[in-house]
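So the chains spell out like this:
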Amino acid sequence: MGQVADGMTAKLRAAFDPEQLNVIDETNQHHGHAGWKESGETHFKVEITAAAFAGKSRVDRQRLVYGVLAEDLAGPVHALALVVRAPGER
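These numbers come from a predicted model, not from an experiment.

## Observations concerning the sheet that holds strand β1 (residues 20–25)
Pairing within the open sheet is mixed, and its 3 strands lie in the order β1-β2-β3. The sheet is open, and its two edges are formed by β1 and β3 (79–85), each paired on a single side. On average, adjacent strands in this sheet sit at an angle of 10° to one another, irrespective of strand direction. The pairing of β1 with strand β2 (residues 43–49) spans 6 bridges and is antiparallel. If you follow N22 over to β2, its bridge partner there is E47.

As structure tokens, this is what we get:
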């Protein structure tokens, strides 16, 4: 992983103590799209499962993740796809 992905991973681990976490750099799939940079680390997918999301709506879960990653979203990250689950969900 790169520096941006490592930073995002550390923030998400600290905030949510997830059971499962994948931070995937999908920049290469968006070549030529808005925000794309050849250096990479502009488009990400985050898959996270944590108890902190239990009982929360999909929108509330996403807002929590966006809040933790606000600095990244204001800077190097152009696009972020989220899969946010509570334990036991598929």
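Anyway, onward from the coordinates.
## As for the pattern of salt bridges
Opposite charge on two side chains permits them to pair, given that their charged atoms come into close proximity. With the rule as written, the count across this model stands at 4 salt bridges. For the salt bridge of R61 with E89, the shortest nitrogen-to-oxygen distance reads 2.7 Å. A residue pair is termed long-range when its members are at least 10 positions apart, and R61 in helix α2 (residues 58–68) and E89 in the segment after β3 qualify at 28 residues.

## Considering helix α1 (residues 3–16)
Compared with the 20 Å implied by 1.5 Å per residue over 14 residues, the 20 Å span of α1 between its first and last C-alpha is a close match. Burial in α1 covers these residues: V4, A5, M8, T9, L12 and F16. Viewed end-on, α1 has its buried residues packed into an arc of 135°, placing them on one side of the element. Summarising the geometry of α1, the exposed residues directed more than 90 degrees from the buried face are Q3 and A14. Next to the buried residues of α1 lie β1, β2, α2, α3 (70–74) and β3. Looking one or two residues past α1, D17 carries a phi angle of roughly 45°, positive in sign.

## Notes on the environment of T9
Residue position: T9 is located in helix α1. Setting aside residues no more than four positions away along its own chain, T9 makes contact with M1, L21 and V23.

## Some points on the environment of V83
As for its placement among the helices and strands, V83 is situated in strand β3. For V83, a relative accessible area of 23% corresponds to the partly exposed category. When the C-alpha atoms of V83 and R58 are compared, they prove to be 9.2 Å apart, with 25 residues separating the residues in sequence. With residues up to four places along the chain from it excluded, the contact list for V83 reads K45, V46, E47 and I48.

## Structural notes on α2
Along α2, the positions that sit buried rather than exposed are R61, Q62 and V65. Mapping the buried residues of α2 onto a view down its axis gives an arc of 95°, with all of them on the same face. Every exposed residue of α2 that faces more than 90 degrees away from the buried side is listed here: R63 and G67. Buried positions along α2 lie against α1 and β3.

Calculation notes
- Every chain is numbered independently, its residues counted from 1 as its sequence is written.
- The predicted nature of this model means local features are confined to residues of pLDDT at least 70 and side-chain atom pairs, given and counted, to a pLDDT of 80 or more, with totals for whole chains, interfaces and linings taken over all residues.
- Note: side-chain values were computed over all heavy atoms of the structure, leaving out hydrogens and water.
- When DSSP finds two or more bridges between two strands, those strands count as paired.
- Helix and strand definitions follow DSSP, with helices as H or I runs of at least four residues and strands as E runs of at least two, each counted in order from the N terminus.
- Here, axes are lines fitted to C-alpha atoms. For helices the fit covers the stretch in contact, and angles between N-to-C directions go from 0 to 180 degrees.
- One side-chain nitrogen of Lys or Arg within 4 Å of one carboxyl oxygen of Asp or Glu is enough to make a salt bridge.
- Each helix should span, by expectation, one fewer than its residue count multiplied by 1.5 Å.
- Accessibility here uses a 1.4 Å probe with only protein chains present; expressed as a share of the type maximum, an area under 20% marks a residue as buried, one over 50% as exposed, and anything in between as partly exposed.
- The directions from the helix axis to the C-beta atoms are what the arc is built from.
- Whether two residues touch is decided by their heavy atoms; if any such pair falls within 4.5 Å, the residues are in contact.

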